[in-house]
Amino acid sequence: HPYGHGKIEHEVSRVISIVVLVTGGGIVVGGLTRLSEVHSPPDRLVLVVAVCAIGLKWFMYLYQNRLATKLSSGALAADALNHKMDAAATACVVVGTVAIWVGGQAWAPADGVAAIVIGLLMIWVSSRSIWEASSALLDEMPPPEVVERIRLLAANFPKVNGVEKFVGRKTGLFYLIDLHLEVPG
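Below or above, wherever it landed, is the structure these notes cover. (Residues numbered from 1 in each chain as written. Predicted model: local features only at pLDDT ≥ 70, side-chain atom pairs only at ≥ 80, totals over all residues. Heavy atoms only, no water.)

1. Observations regarding the side chain of S13
Okay, step 1: Relative to the assigned elements, S13 resides in helix α1 (residues 8–34).
Okay, step 2: Taking relative accessible area as the criterion, S13 reaches 5% and is therefore assigned buried. (Helix = DSSP H or I, 4+ residues; strand = E, 2+ residues; numbered from the N terminus. Buried < 20%, exposed > 50% of the residue type's maximum accessible area, 1.4 Å probe, protein only.)

Quick look at the structure:
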């Protein structure tokens, strides 16, 4: 059944993006509450683990984003975005930690500022993903280059005089196209 069931792809994308959005909001709130805290820098092992995590998460982002692009999968793209945000959040941990080590206790708020920045970035990027997934759920037309290619293919098909009407929408990983063709009587 091609109509409707493919929409789960877009809904999964929205759910993942909503989780990233809520997480970003939580990180902003946590960063705001830590701005006034004075604390010592974490152990140096934290930096080693954080740098390894950044490398791993970036690799996972690149791999999954490439696959999402190849398959035109919004759900995979949203999950790839989650890996990218994890890498960025961990990079902020590294920056905040180094700032506290270099600047001492006076730089303790750097940790909270870093959290606020990454939380706001997560909110912005996930909001964009939610908008894109919602647009797909509203049966937005395929991109103009896809429409033009299909029109050309249909018009060049034997005994087709032209394309009167073109309606298309994305469902899952595919486009469903309805064509009204002009043919000889």
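2. Section: the nonpolar core
Okay, step 1: If you look at the biggest cluster of nonpolar residues, it comprises 9 residues: V20, L81, M85, A89, C92, A114, I118, M122 and V125.
Okay, step 2: The set of elements that each furnish at least two residues to this core consists of α3 (74–103) and α4 (109–137).
Okay, step 3: Apart from residues no more than four positions distant in its own chain, C92 is found in contact with A114 and I118. (Core = buried A, V, L, I, M, F, W, Y, C linked by side-chain atoms within 4.5 Å. Contact = heavy atoms within 4.5 Å.)

3. Details of the environment of A115
Okay, step 1: Looking at the element boundaries, A115 is found in helix α4.
Okay, step 2: It is 5.0 Å that separates the C-alpha atoms of A115 and G31, two residues lying 84 residues apart in sequence.
Okay, step 3: When sequence neighbours within four positions are dropped, the list of residues in contact with A115 reads I27, G31 and R34.

4. Some remarks on the packing of α1 against α3
Okay, step 1: Their axes nearest at 7 Å, the elements α1 and α3 cross at an angle of 20°. Viewed along their axes, α1 and α3 adopt a mutual orientation that is roughly parallel. Handedness of the α1/α3 crossing: left-handed. On α3, the residues touching E9, V12, S13, I16, S17 and V20 of α1 are G74, A75, L76, A78, D79, N82 and M85.
Okay, step 2: When the residues that make up the contact of α1 with α3 are grouped by side-chain class, the tally is 7 nonpolar, 4 polar and 2 charged. (Axes fitted to C-alpha atoms, helices over the stretch in contact; angles between N-to-C directions. Parallel < 35°, antiparallel > 145°, perpendicular 65-115°, else oblique. Left-handed = near helix turned anticlockwise from the far one by under 90°. Nonpolar A, V, L, I, M, F, W, Y, C, P; charged D, E, K, R; others polar.)

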